[in-house]
Amino acid sequence: MMVIWKWLENRWGNINKISTFILKKTAFVSLGSFFYFNYILKMNDIITFFESSLLTCPSKKLMGIECLGCGLQRSFILLMKGNILESIKMYPALIPLLFMMVYLTGHLYFNFKNGARFLKYFYFLNIILIVANYIIKQFL
Amino acid sequence: MEKQTLPNSTLILVFGILSIVGCCCYGILGLIFAIVALVLAKKATALYTESPELYEGYNNVKTGKILAIIGLILSALYVISLIIIFATIGYDGYMEMVREQMGQYQ
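Residues numbered from 1 in each chain as written. Chains lettered and ligands numbered in written order. Predicted model: local features only at pLDDT ≥ 70, side-chain atom pairs only at ≥ 80, totals over all residues. Heavy atoms only, no water.

A look at the overall build of chain B
Along chain B, the regular secondary structure elements total 3 helices and 2 strands. Overall, chain B shows an N-to-C arrangement of helices and strands of β-α-α-β-α. Carbon and sulfur atoms form 65% of the exposed surface of chain B, whose accessible area is close to 6,300 Å². (Helix = DSSP H or I, 4+ residues; strand = E, 2+ residues; numbered from the N terminus. Areas by Shrake-Rupley, 256 points an atom, 1.4 Å probe, with all protein chains shown as cover.)

The structure is reproduced here in structure tokens:
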């Protein structure tokens with residue numbers, strides 16, 4: 001990408017600044033839309049793959065009782081389809097969990113100042129969400 | 001003298017968090033992660049208390065330890081409750097209870 005821009009600037013930049021600007025923008029937009037459609041097509045494949053290979057929880061299968069992590073995969077698939085509200089209803093702790101994972105990797109690489117403390121608070125939030133969801137689903 | 005990070009401090013944090021994510025499968029996965037994190041954290045704290053000026057990154061170890069303890073408690077509670085259910089009413093009684101519950105929903 002950068003090479004093309006350099007080349008364009010070498011070729012046109014001295015003559016006309018505006019035309020290089022427009023060229024850059026159009027190139028960016030067309031490439032972006034191409035990647036976006038490609039992403040949607042790929043995403044369909046990925047979602048069908050996940051749906052076909054769901055792992056069933058052994059405790060649910062053998063005993064009929066749901067465990068603390070049940071609903072996570074279904075919720076993840078709903079989230080990938082873009083159905084955020086349904087995903088939250090299915091398993092409310094999923095989005096904080098994902099955010100915590102991202103924050104954890106960021107913290108390990110860049111060593112945030114208060115990273116460990118924030119992670120702790122996130123963890124408490126997740127625990128409360130998971131346990132409350134489990135109790136509501138199971139006993140109420 | 002340059003400070004060096006405590007050994008396994010990142011690993012402790014990661015395992016502490018994974019102990020709650022892996023709470024599926026009878027809570028066994030969570031138990032394993034939590035116990036590994038706790039053992040590593042014990043070693044790291046021993047190192048740190050010996051010479052606090054040599055190492056940094058103790059915050060990670062401390063948080064990881066707390067997270068692992070919580071994960072351990074949660075998984076242990078789940079496992080213990082399962083054991084109690086099986087010990088008191090047995091498998092057949094349990095299946096009957098589940099069937100009754102399913103009947104209520106349908």
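On we go from here.
Some remarks on helix H1 (residues 9-21) of chain B
An ideal rise of 1.5 Å per residue puts 18 Å on 13 residues; H1(B) measures up with 19 Å between its terminal C-alpha atoms. Burial in H1(B) covers these residues: B:Ser9, B:Ile12, B:Leu13, B:Phe15, B:Gly16, B:Ile17, B:Ser19 and B:Ile20. (Expected span 1.5 Å × (residues − 1). Buried < 20%, exposed > 50% of the residue type's maximum accessible area, 1.4 Å probe, protein only.)

Quick word on the nonpolar core
Core analysis: the biggest nonpolar cluster contains 23 residues, and A:Met100, A:Leu119, A:Tyr123, A:Ile130, B:Ile17 and B:Ile20 have the highest contact counts within it. Counting residues per element, the ones that place at least two in this core are helix H6 (94-110) and helix H7 (115-139) of chain A together with H1 and helix H3 (58-105) of chain B. Leave out the neighbours within four places in its chain, and A:Ile130 touches A:Leu68, A:Tyr91, A:Ala93 and B:Ile20. The next biggest cluster of nonpolar side chains, apart from the first, holds 7 residues, and it includes B:Leu6, B:Leu40, B:Ala41 and B:Ala44. (Core = buried A, V, L, I, M, F, W, Y, C linked by side-chain atoms within 4.5 Å. Contact = heavy atoms within 4.5 Å.)

Regarding helix H4 (residues 72-80) of chain A
Among all positions of H4(A), only A:Ser75, A:Ile77, A:Leu78 and A:Met80 are buried. A positive phi of about 95° marks A:Gly82, the residue just after H4(A).

Description of the side chain of A:Asn126
Its place among the elements puts A:Asn126 in helix H7. Not counting chain neighbours up to four residues away, the residues in contact with A:Asn126 comprise A:Ala93, A:Pro96, A:Leu97 and A:Met100.

Describing the pattern of salt bridges
All names here are of chain A. The tally for this structure, following the rule as stated, stands at 1 salt bridge over all chains. A salt bridge links Glu86 to Lys89; the shortest N-O distance between them is 3.9 Å. Pair noted here: Glu86 and Lys89 are both in helix H5 (residues 84-90), with a separation of 3 residues, about one helical turn. With relative accessibility at 37%, the residue Glu86 sits in the partly exposed group. The exposed category is assigned to Lys89, whose relative accessible area is 61%. (Salt bridge = Lys/Arg side-chain N within 4 Å of Asp/Glu carboxyl O.)

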